[in-house]
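Structural features, examined
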Amino acid sequence: MIPYGRQHITQADIDAVVDVLQSDFLTQGPKVPAFERAVADRIGAKYAVAVNAGTSALHVACLALGLGPGDILWTSPITFVASANCALYCGARVDFVDIDPHTYTMCPKALEKKLEQAKKENRLPKIVVPVHLCGQSCNMKAIFDLSQKYGFKIIEDACHALGAEYKGSPVGNCRYSDITVFSFHPVKIITTGEGGMNTTNDADLASHMSRLCSHGITRDPDLMTHPPDGSWYYQQIDLGFNYRMTDIQAALGLSQLEKLDKFIARRRAIAKRYNQLLEKFPVITPWQDPDGVSAWHLYVIRLQLDKIRQTHQQVFVALREKGIGVNLHYIPVYQQPYYKQMNFHSGLCPQAEQYYSEAISIPIYPDLTEMQQNKIVTELQQTLKL
Ligand SMILES: *Cc1c(COP(=O)(O)O)cnc(C)c1O
């Protein structure tokens, strides 16, 4: 089976991990701060906080921004469930803003309309989480302008978008947000096995998030309720977690980060080639906003169902049977049973539901060969009986 995505691991990655295994620190050593610094510098953010997963990164980002019971977080329905679950972890509620039919990311017009309504009903969101689906940045300028008018915070879910650009600078520099979240799961742009990172330009947010990843404990005398009892002394001042990244993971991350440009170039070349090969197919290929440069985490096609005889499901099953590991990113989150019991109804986000009925992710990752790509296109052609 050709998977929809997979990691690329070199001997240098393996050596970096082995070096840590033979060193004094497997965790809480020098590699984690070095990886944080490298990511922050790479994307032009002041601070970066390494975490054990993108999901934990979302959780501590919400907590640091003060999300709690009585608050509401809005995100896109076309995302991984973690983008919404983070609100529930904090005891807050979630709601969803429909997607733009061309980019499949949060639609600023739909957001504005929903904000106007929410303002009248006095239920404005505290945080909005735009998701850079497939690696393409959302229209952050428009969303940021709305945040100024309506007073909400922004967490960019950039789990797909390390290495992407928006308006000429790297996604993650937080020019239009408070915090940006990355994931280093093996299918993502670079990997640490499991892992994540938050970036921000706010020193207090950074230290708060970092504290929340380590039990809410501080060793900074300035943050303590009284002077330290001694050099051993620390204080727990928040309820935190053990969400720390290990040095083993950070060493892998540092080594992977060196290949980021290569990974992105390869993904872009694959996408460009798909665009050409699929030009005459009854599918919609990914539209690209000229304001950004995608990291191409995913390549999603939409079937033009009025032009083919098969159903969406038939095409999906046929491709899987032919060894193409297609996938569907994503099921609208509010259609999950856990969310349905919170009284979300079908029809909430019509564009998202339409997208879900037509979308298929076809394989894209740095090691995908031209021969494999040809096979994918040929199998799709045969499946669609072209
Ligand atoms: C992968 C992903 C996450 C969660 O990241 P993990 O590292 O797997 O916890 C969150 N949001 C999106 C959009 C993702 O793709």
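Thresholds applied
- Along each chain, residues carry numbers from 1 onward, in the same order as the chain's sequence is written.
- Since the coordinates come from a predicted model, pLDDT governs what is reported: local features require at least 70, and pairs of side-chain atoms require 80 or more to be given and counted, while whole-chain, interface and lining totals use all residues.
- Where side-chain values are given, they derive from all heavy atoms of the structure, hydrogens and water being excluded.
- UniProt positions are given in the numbering used here, feature names are shortened, and annotations may be inferred rather than shown by experiment.
- A helix here means a DSSP run of H or I that spans at least four residues, while a strand means a run of E at least two residues long, and both kinds are numbered starting from the N terminus.
- The buried label goes to any residue with under 20% of its type's maximum accessible area, the exposed label to any with over 50%, and the partly exposed label to all in between, with areas taken from a 1.4 Å probe on protein chains only.
- Between N-to-C directions, angles span 0 to 180 degrees; the directions come from axes that are lines fitted to C-alpha atoms, helices contributing only their stretch in contact.
- Each angle receives one of four descriptions, namely roughly parallel if under 35 degrees, roughly antiparallel if over 145, roughly perpendicular if within 65 to 115, and oblique otherwise.
- The contact criterion used throughout is that any non-hydrogen atoms of two residues lie within 4.5 Å.
- At least two DSSP bridges between two strands are needed for those strands to be called paired.
- Near is defined per residue: the residue qualifies when any heavy atom it owns lies within 4 Å of the molecule or strand.
- A 3.5 Å cut-off defines polar contacts: any pair of N or O atoms within that distance qualifies, except that in protein one atom must be a possible hydrogen donor and the other a possible acceptor, and neighbouring residues in sequence count only when both atoms are side-chain atoms.
- Accessibility throughout is a Shrake-Rupley quantity obtained with a 1.4 Å probe, and a residue counts as covered only by protein chains that appear here.
- The nonpolar class holds Ala, Val, Leu, Ile, Met, Phe, Trp, Tyr, Cys and Pro. Asp, Glu, Lys and Arg form the charged class, and all remaining residues, Gly among them, are polar.
- The pairing test for Phe, Tyr and Trp rings, Trp by its six-membered ring, is centres within 6.5 Å, and the orientation test on the planes gives stacked under 30 degrees, edge-to-face over 60, and tilted for anything in between.
- Our definition puts a charge over a ring when NZ of Lys or CZ of Arg is within 6 Å of the ring centre and also within 35 degrees of the ring normal.
- The patches reported here contain residues having more than 30% relative accessible area and no salt bridge. Joining distances are 9 Å for like charges and 5 Å for nonpolar side chains (Val, Leu, Ile, Met, Phe, Trp, Tyr).
- When a carboxyl oxygen of Asp or Glu lies within 4 Å of a side-chain nitrogen of Lys or Arg, that pair is called a salt bridge.
- Any two cysteine sulfur atoms lying within 2.5 Å of each other are counted as a disulfide.
- Expected span, for any helix, means 1.5 Å times one less than how many residues it has.
- Think of the arc as the fan of directions from the helix axis to the C-beta atoms.

Side note on the UniProt feature "modified residue: N6-(pyridoxal phosphate)lysine" (unreviewed entry) in the protein
- Mapped onto this structure's residue numbering, the UniProt feature "modified residue: N6-(pyridoxal phosphate)lysine" (unreviewed entry) falls at K188.
- With respect to the element layout, K188 can be found in the loop between β8 (179-183) and β9 (196-200).
- Among the residues examined, K188 registers a relative accessible area of 15% and is labelled buried.

What to know about the packing of helix α5 (residues 108-120) against helix α6 (residues 140-150)
- Across the interface, α5 lies against α6 with an axial gap of 10 Å and an inter-helix angle of 10 degrees. Viewed along their axes, α5 and α6 adopt a mutual orientation that is roughly parallel. Listed contacts from α6 to P108, L111, E112, L115, E116 and K119 of α5 are A142, I143, L146, K149 and Y150.

Things to note about the sheet that holds strand β4 (residues 127-129)
- The strand order β1-β9-β8-β5-β4-β2-β3 describes an open sheet built from 7 strands, whose pairing is mixed. The open sheet has two free edges, formed respectively by β1 (47-51) and β3 (93-96), since each of these has just one partner strand. With strand direction ignored, the average angle separating the axes of adjacent strands in the sheet is 20 degrees.
- One ladder, built from 2 bridges, connects β4 with strand β5 (residues 153-157); its direction is parallel. Across the sheet, the residue bridging to I127 is K153, located in β5.
- Set on the sheet, α5 makes contact with β2 (72-75) and β3; between it and β2 the angle comes to about 160 degrees.

Some thoughts on the site of the ligand
- Residues in contact with the ligand amount to 15 residues; listed here are only the nearest, G54, T55, H160, S183 and K188.
- For the ligand, an oxygen atom lies 2.5 Å from a polar atom in the side chain of T55.
- Note that a nitrogen atom of the ligand is positioned 2.8 Å from one of the side-chain N or O atoms of D157.
- In isolation the ligand offers 380 Å² of accessible surface; the protein chains occlude 93% of this area.
- Counting only elements with at least two residues in the shell around the ligand, the list comes to α3 (54-64) and α4 (82-89).
- Residues belonging to the shell around the ligand are distributed by class as follows: 6 nonpolar, 7 polar and 2 charged.

Here's the deal with the packing of aromatic side chains
- Scanning all chains against the criterion turns up 14 aromatic pairs.
- Relative to Y243, the ring of F241 lies with its centre 4.8 Å away and its plane at 10 degrees, an arrangement referred to as stacked.
- Aromatic side chains Y334 and F344 sit 6.4 Å apart centroid to centroid with 40 degrees between the ring planes, which places their arrangement in the tilted category. With Y334 in the loop between α10 (312-321) and α11 (337-340) and F344 in the loop between α11 and α12 (350-356), the pair connects residues that are 10 residues apart, well separated along the chain.
- Ring pairing ties together the aromatic residues F96, Y334, Y338, Y339 and F344, which thus form one cluster.
- K114 extends its terminal NZ or CZ atom over the ring of W74, reaching a point 5.4 Å from the ring centre.

Thoughts on a nonpolar patch on the surface
- Among the surface-exposed residues, I9, I14 and V18 lie close enough to one another that they form a single nonpolar patch of about 210 Å² accessible area.
- Examined against the element boundaries, I9 turns out to sit in the segment before α1 (11-21).

A word on the UniProt feature "active site" (unreviewed entry) in the protein
- Mapped onto the present numbering, the UniProt feature "active site" (unreviewed entry) falls on K188.
- In this structure K188 touches C159, H160, S183, R267 and H297, once residues within four positions along its chain are discounted.
- Within the local environment of K188, its side chain forms a polar contact with the side chain of S183, the two groups lying 3.4 Å apart.

Notes on the state of the cysteines
- Scanning the model with the defined rule gives 0 disulfides in all.
- Of all cysteine sulfurs, the one in C62 lies closest to C86, which takes part in no disulfide; the gap is 3.7 Å.
- Exposure remark for C86: the relative accessible area of 0% places this residue in the buried category.
- Looking at C349, it has no disulfide partner, and the nearest cysteine sulfur is the one in C107, 10 Å off.

Here's the deal with the pattern of salt bridges
- Using the criterion set out here, one finds 13 salt bridges in the structure.
- Between R273 and E370 there is a salt bridge, with its nearest N and O atoms 3.8 Å apart. Here R273 is found in helix α9 (residues 260-277), whereas its partner E370 is found in helix α13 (residues 370-383), with 97 residues between them in sequence.
- A relative accessible area of 48% places E370 in the partly exposed class.
- Put simply, K322, K375 and E379 are held in one network by salt bridges that share partners.

As for α5
- Between the first and last C-alpha of α5 there are 19 Å, a value that for 13 residues agrees with the 18 Å anticipated at 1.5 Å per step.
- Taken residue by residue, α5 has P108, L111, K114, L115 and A118 as its buried positions. Axial view of α5: buried residues confined to an arc of 120 degrees, hence all on one face. In α5, the exposed positions that point more than 90 degrees away from the buried face belong to K109, K113 and K120.
- Check the buried side of α5 and you find it contacts β2, β3 and α6.
- N122 sits one or two residues past α5 and shows a positive phi near 55 degrees.

Remarks on the sheet that holds strand β13 (residues 292-293)
- The sheet built from 3 strands is open, its strands ordered β7-β6-β13 with antiparallel pairing. With one partner strand each, in any of the chains shown, β7 (169-170) and β13 form the two edges of the open sheet.
- Relative to β7, strand β6 (residues 165-166) runs antiparallel, the two sharing 2 bridges. Looking across to β7, one finds that Y166 is bridged to S169.

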